[in-house]
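Overview (structure and organization)
For reference, the chains in residue letters:
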Amino acid sequence: MVQEDFFKKIVAHCKEYGFIFQSSELYDGLSAVYDYGQNGVELKNNIKEYWWKAMTQLNEEVVGIDSAIFMHPTVWKASGHVDAFNDPLIDNKDSKKRYRADVLIEDHLEKINEKISKEVEKASKRFGDAFDEHQFRTTNVRVLEYAAKIESVTKAFNSALEENDLEKVRQIIIEEGIVCPVSGSRNWTEVRQFNLMFETKLGSVSEGANTVYLRPETAQGIFVNYLNVQKTGRMRIPFGIAQIGKAFRNEIVARQFIFRMREFEQMEMQYFVKPGEELKWFENWREKRMKWHLAMGISPAKYRWHKHDKLAHYANAAFDIEFEFPFGFKELEGIHSRTDYDLTQHQNFSGKKIQFFDNETGESYVPYVVETSVGLDRTFLSLLSAAYSEEQVGDETRVVLNLPAALAPVKVAVLPLVKKDGLPEMARKIMDDLKFDLNCIYEEKDSIGKRYRRQDAIGTPFCITVDHQSLEDNTVTIRYRDDMTQERISTDKLSGIVKSKTDLKNLLTKL
Ligand code: GAP
């Protein structure tokens, strides 16, 4: 299936089966804002629980917090967000459309890359088995020209950004002949910096209200609580603070569904370490975080590391975990060694000492920080896009979500074969027994085949069918989503079987 069509199918599936709706759809929607529906919220909560337990319960030196979304405005001055959390924007004077200048350039480079791929594909067809891709890429004149172009534009663009030279960024757009996708013209304005934080007012305007920001990351709530947690929790370095929560960014290029939203959720952890030990802990967390993703059972080929060669001024190492979304490999999680930058900034701006006193060595220092930051919505999208599959069963197509059983929104569907003869009553009894431990669904409408398909489409790993034999011998059939096999089991074994197969422990013990 073409990737674009595949992506459209996932978006449509999310809506049809109650995973994700456009926000305020009734009023034609709000761009880049989404609501999670009845199945979406369950899957999202399960991912959160998996992350939370993996971080806090399995690491006794990591504790959690839940800080407020509003924070003192100086927090964002100290963190650098007021002055530097910007995107470079450019307007097309004909279409009046606004774009991120860096995205226009990246898309342009991607098109050149696609031309290389086409050349490779053509040559591969021409030469057949004798084709040597490496040799072709390193000797074909056209491919070499394209590659040189990508390299020179990337270099010019990086240096323009480093020097904060927005005119240079504009020149690249002009010189490369990049046109507005809507008007097709090159009639561009100058490039301006645009801050991504949403502002609002605290208190009534007449009282002289203060501007506050909707937090663009949860991490600062952790930094400003470092002392509170360290002191009250009697934490010793190294230790971590984890948090899950909403973040807000006024994204200009708001596309790709829940990949880039204006309101989204992050799962972040700051690990406070002794200066000089940060790179050791950085490697340790890199390994742990990749394991967390892999334990969900998605093919390792879907993940890759992206090393940041150009580091932010406060970082001394940074890697992203990228995932192959239906629109290509993109960032899923960032793991950054942020030195003592944030705590030192808060120390300077607040005038309060933020240090750790090591009573074994008698030293005081501002701890260094290793950060792991993963998008909850992006994890959701990674899971859904890996789980969605269309299978041919006889002459019909079965749409199934092969989600890990422990994360599936509904764990068990309880289905009486027919709506009479005492089967609904027995099915209800089973449901009433299971519902204290598991999220279950009871369904009696439509044929059993249709009901199975509906459960496949939301990823329910087990369907339990109560039939006439059940009344006689207290057995039911259990149907497995992935291979559609069924077996007959006694009702007393039911709870034990489904509980053990859907236990989050199945994922956590792989870490
Ligand atoms: N505290 C570090 C930080 O916020 P980031 O790379 O800007 O770093 C971390 O964001 C993660 O948050 C990203 O890897 C991504 O998964 C998620 N994220 C960032 N912006 C997002 C957006 N607009 N929509 C959805 N997820 C986003």
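Please read all numbers here as calculations on a predicted model, not as lab measurements.

Rules and cut-offs
- Residues numbered from 1 in each chain as written.
- Predicted model: local features only at pLDDT ≥ 70, side-chain atom pairs only at ≥ 80, totals over all residues.
- Heavy atoms only, no water.
- Axes fitted to C-alpha atoms, helices over the stretch in contact; angles between N-to-C directions.
- Helix = DSSP H or I, 4+ residues; strand = E, 2+ residues; numbered from the N terminus.
- Left-handed = near helix turned anticlockwise from the far one by under 90°.
- Contact = heavy atoms within 4.5 Å.
- Nonpolar A, V, L, I, M, F, W, Y, C, P; charged D, E, K, R; others polar.
- Salt bridge = Lys/Arg side-chain N within 4 Å of Asp/Glu carboxyl O.
- Buried < 20%, exposed > 50% of the residue type's maximum accessible area, 1.4 Å probe, protein only.
- Core = buried A, V, L, I, M, F, W, Y, C linked by side-chain atoms within 4.5 Å.
- Expected span 1.5 Å × (residues − 1).
- Arc of directions from axis to C-beta.
- Lys, Arg positive; Asp, Glu negative; His and termini not counted.
- Polar contact = N/O pair within 3.5 Å; in protein donor to acceptor, adjacent residues only side chain to side chain.
- Pairing = 2+ DSSP bridges.
- Near = heavy atom within 4 Å.
- Areas by Shrake-Rupley, 256 points an atom, 1.4 Å probe, with all protein chains shown as cover.

1. A few points about the packing of helix 5 (residues 101–127) against helix 8 (residues 166–175)
Remark: helix 5 packs on helix 8, axes separated minimally by 10 Å, with the N-to-C direction vectors making an angle of 35°. The handedness of the crossing between helix 5 and helix 8 comes out as left-handed. Only Val 169, Ile 172 and Ile 173 of helix 8 make contact with helix 5, whose side of the interface consists of Ala 101, Leu 104 and Ile 105. Here the residues of the contact of helix 5 with helix 8 sort into six nonpolar, no polar and no charged.

2. Here we look at the pattern of salt bridges
For the structure on display, the rule yields 37 salt bridges. The closest approach of N and O atoms between Lys 53 and Glu 49, which form a salt bridge, is 2.9 Å. Linking Lys 53 with Glu 49, this pair stays in helix 2 (residues 38–57), spanning four residues, or about one helical turn. What makes Glu 49 partly exposed here is its relative accessible area of 35%. Counted as one network, the salt bridges with shared partners bring together Glu 391, Glu 396, Arg 398, Arg 453, Asp 456 and Arg 479.

3. Considering the nonpolar core
One finds Ile 20, Tyr 50, Trp 51, Ile 258 and Phe 380 to be the most contacted residues of the largest nonpolar core, which totals 62 residues. Sequence-distant contacts of Ile 258, that is, excluding residues within four places in its chain, are made with Ile 20, Tyr 34, Tyr 36, Asp 377, Phe 380 and Leu 381.

4. Some words on helix 1 (residues 3–16)
When the terminal C-alpha atoms of helix 1 are compared, their 20 Å separation across 14 residues agrees well with the 20 Å that a helix rising 1.5 Å per residue should span. Every buried residue belonging to helix 1 is among Phe 6, Phe 7, Ile 10, His 13 and Cys 14, and all of these are buried. Projected down its long axis, helix 1 carries its buried residues within an arc of 125°, all on one side. Turned more than 90 degrees from where helix 1 packs its buried face, Glu 4, Lys 8 and Glu 16 sit exposed. Contact partners of the buried residues in helix 1: strand 1 (20–22), helix 13 (376–387), strand 17 (388–393), strand 18 (396–401) and helix 15 (448–458).

5. Structural notes on the side chain of Lys 411
Within the fold, Lys 411 resides in the loop between strand 18 and strand 19 (412–416). No salt bridge forms around the buried Lys 411; measuring N to O, its nearest opposite-charge neighbour Glu 42 is 6.7 Å away. Within the local environment of Lys 411, its side chain forms a polar contact with the backbone oxygen of Ala 408, the two atoms lying 2.6 Å apart. What Lys 411 contacts, discounting residues up to four positions off in sequence, is Asn 46, Ala 405, Ala 406, Leu 438, Asn 439, Thr 460, Pro 461, Phe 462 and Thr 502.

6. Description of the pairing of strand 17
Strand direction decides the pairing type here: strand 17 and strand 18, joined by six bridges, are antiparallel. Within strand 18, the position partnered with Tyr 388 by the bridge is Leu 401. Hairpin geometry of strand 17 and strand 18 is characterised by an intervening segment of two residues between the two adjacent antiparallel strands and by a positive phi of about 60° at Gly 394.

7. Some words on the site of the ligand
Around the ligand lies a shell of 19 residues, among which Glu 217, Arg 249, Met 261, Glu 268 and Glu 331 are the nearest. The contact in question runs from a nitrogen atom of the ligand to an N or O atom on the side chain of Glu 251, over 2.9 Å. Between Gln 266 and the ligand, the recorded distance is 3.0 Å, taken from a side-chain N or O atom to an oxygen atom. Compared with its free state, where it exposes 560 Å², the ligand has 91% of that area covered by protein. Only strand 10 (263–273), strand 13 (328–337) and strand 16 (368–375) provide two or more residues apiece to the shell around the ligand. Counting residues per element, the shell around the ligand draws most heavily on strand 13, at four residues. Class assignment of the residues belonging to the shell around the ligand gives a composition of five nonpolar, four polar and ten charged.

8. Focus: the sheet that holds strand 16
Within a sheet, neighbouring strands are paired by backbone hydrogen bonds and run either parallel or antiparallel to one another. The strand order 3-9-10-16-13-12-11 describes an open sheet built from seven strands, whose pairing is mixed. Edge positions in the sheet fall to strand 3 (62–64) and strand 11 (303–307), since each of these pairs with one other strand and no more. Sheet twist, expressed as the average angle between the axes of neighbouring strands with direction ignored, equals 25°. Of the strand pairs in this sheet, strand 13 and strand 16 are connected by five bridges, and their pairing is antiparallel. Among the inter-strand pairings, Glu 333 is bridged to a residue of strand 16, identified as Val 374.

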